[in-house]
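# Residue-level structural notes
The lines below spell out each chain.
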Amino acid sequence: MDLVKTVCRIYMLFMGLFFITISLDVFNCVVFSFWENFGSFALHCIPGFLIIILTLVFWKREVLLGMIAFAFALAFFAYAKDYDQFLEQYSLVLMVEVPMVLAGAILVLWGKRPEKKH
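Quantities reported herein were computed from a predicted structural model and do not represent experimental measurements.

Turning our eyes to something else, we now look at the overall build of the protein chain. The number of helices and strands found in the protein chain is 4 helices and 0 strands. Of the regular secondary structure in the protein chain, the N- to C-terminal order runs α-α-α-α. Of all intrachain contacts in the protein chain linking residues separated by at least 6 positions in sequence, the fraction that spans at least 24 positions is 71%. Of the accessible surface of the protein chain, which amounts to about 8,300 Å², a share of 72% is contributed by carbon and sulfur atoms.

Within the secondary structure, Leu-56 is located in helix 2 (residues 34-57). Here the alpha-carbon distance between Leu-56 and Met-12, two residues 44 residues apart in the chain, equals 9.7 Å.

All right, on to the nonpolar core then. Ranked by size, the top nonpolar core spans 18 residues in total, and within it Met-12, Met-15, Phe-19, Ile-51, Phe-72, Phe-76 and Met-100 carry the most contacts. The biggest single contributor to this core is helix 3 (residues 62-81), with 7 residues. With near-sequence residues (within four places) excluded, Met-100 lies in contact with Tyr-11, Met-12, Met-15, Ala-69, Phe-72 and Ala-73. In this structure, Leu-13, Ile-20, Val-26 and Cys-45 belong to the second largest nonpolar core, which totals 6 residues.

For the coordinates displayed, the defined rule picks out 10 aromatic pairs. Their ring planes at 85° and their centres at 5.5 Å tell us that Phe-19 and Phe-72 sit as a pair that is edge-to-face. Of this pair, Phe-19 sits in helix 1 (residues 2-22) while Phe-72 sits in helix 3, and the two are 53 residues apart along the sequence. Owing to a relative accessible area of 17%, Phe-72 belongs among the buried residues under this scheme. Both rings, one in Phe-38 and one in Phe-41, keep their centres 6.3 Å apart while their planes meet at 40°; by these two values the pair is tilted. On the criterion of helical spacing, the pair formed by Phe-38 and Phe-41 is a turn pair, its members being 3 residues apart in helix 2. Among the aromatic side chains, those forming a connected cluster through ring pairs are Phe-27, Phe-34, Trp-35, Phe-38 and Phe-41.

What follows concerns the packing of helix 1 against helix 4 (residues 90-110). The description of two helices packed together rests on the angle between their axes and the distance between the axes. Relative orientation of the contacting elements helix 1 and helix 4 amounts to 145°, with a least axis distance of 9 Å. The handedness of the crossing between helix 1 and helix 4 comes out as left-handed. On helix 4, the residues touching Val-4, Lys-5, Cys-8, Tyr-11, Met-12, Met-15, Phe-18 and Phe-19 of helix 1 are Leu-92, Met-95, Val-96, Pro-99, Met-100, Ala-103, Ile-106, Leu-107 and Trp-110. When grouped by side-chain class, the residues that make up the contact of helix 1 with helix 4 number 16 nonpolar, no polar and 1 charged.

This paragraph deals with the packing of helix 1 against helix 3. Their axes nearest at 12 Å, the elements helix 1 and helix 3 cross at an angle of 35°. Remark: the crossing between helix 1 and helix 3 carries left-handed chirality. Seen from helix 1, the contacting residues are Lys-5, Arg-9, Met-12 and Phe-19; seen from helix 3, they are Glu-62, Leu-65, Ala-69, Phe-72 and Phe-76. Of the residues that constitute the contact of helix 1 with helix 3, the class distribution is 6 nonpolar, no polar and 3 charged.

The rules behind each value
- Residues numbered from 1 in each chain as written.
- Predicted model: local features only at pLDDT ≥ 70, side-chain atom pairs only at ≥ 80, totals over all residues.
- Heavy atoms only, no water.
- Helix = DSSP H or I, 4+ residues; strand = E, 2+ residues; numbered from the N terminus.
- Contact = heavy atoms within 4.5 Å.
- Areas by Shrake-Rupley, 256 points an atom, 1.4 Å probe, with all protein chains shown as cover.
- Core = buried A, V, L, I, M, F, W, Y, C linked by side-chain atoms within 4.5 Å.
- Buried < 20%, exposed > 50% of the residue type's maximum accessible area, 1.4 Å probe, protein only.
- Phe/Tyr/Trp six-rings, centres within 6.5 Å; stacked < 30°, edge-to-face > 60°.
- Axes fitted to C-alpha atoms, helices over the stretch in contact; angles between N-to-C directions.
- Left-handed = near helix turned anticlockwise from the far one by under 90°.
- Nonpolar A, V, L, I, M, F, W, Y, C, P; charged D, E, K, R; others polar.

Purely geometric numbers; function is a separate question.
Take a look at the structure:
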């Protein structure tokens, strides 16, 4: 069971790297200067860095990390739903949503609960 939970945590790290990687498309815009594109890149990287940092901070707190995964999946769906081409990008939404929800469910259901002190 620990292997499955570790795979879920590593998936979250790779999801953060995925978001940082897809942020590189801002450099395709030749209308803006390099520094404006770099500023856009930094803004687009925030979700990826946030996922990576939260995963590393809450590595041992599996239930909380699972809730964070659920919250991120919900936020990404809310953002993607308002996107202009939601139906065309549906495969991307499913590619991000389904594994993130599964990782969150595994971490919440099988995570270590803090022991109550009497």
